[in-house]
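A structural walkthrough
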Amino acid sequence: MREEDLGGKEREEMVEVVVDDGKGGYNEKEEELGEEEMGELEKVVVVRGVDCKWMDDMDRMDEVREGMQVGGHGQRDPVGEYE
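Everything in this summary refers to the structure shown in the same document. Source: prediction; values computed, not measured.

Glancing now at the overall build of the protein. Counting secondary structure elements, the protein contains three helices and zero strands. Written out in order from the N terminus, the α and β elements of the protein read α-α-α. Here the protein holds 83 residues, and the buried ones make up 2% of them. For the protein, the exposed area adds up to about 7400 Å²; of that, 52% sits on carbon and sulfur atoms.

Dropping the structure here:
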């Protein structure tokens, strides 16, 4: 896709061009790999995405836990600090 493909178009038209281009690329890749292998690739991509989000959430929970421990040292109520 080139910038000229989107130039002068309304937002809805741009969305349609981008979606059509994406679907075309997807279909080409599916023909190249085959349906079964494409399905496996989709699974890997989804699992990696979920895994990254899960790890981000775990990191945030560790930060909250550390903050609560620091609050406890300052004689503050950790539950109140969490809220």
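Turning our eyes to something else, we now look at helix α1 (residues 11-33). Structurally, the α-helix is built with 3.6 residues per turn, so residues lying three or four positions apart point the same way. Across its 23 residues, α1 extends 33 Å between first and last C-alpha, which sits within 8% of the 33 Å expected from 1.5 Å per residue. Count one or two residues on from α1 and you reach Gly34, which has phi positive near 95 degrees.

So, how was this worked out
Residues numbered from 1 in each chain as written. Predicted model: local features only at pLDDT ≥ 70, side-chain atom pairs only at ≥ 80, totals over all residues. Heavy atoms only, no water. Helix = DSSP H or I, 4+ residues; strand = E, 2+ residues; numbered from the N terminus. Buried < 20%, exposed > 50% of the residue type's maximum accessible area, 1.4 Å probe, protein only. Areas by Shrake-Rupley, 256 points an atom, 1.4 Å probe, with all protein chains shown as cover. Expected span 1.5 Å × (residues − 1).

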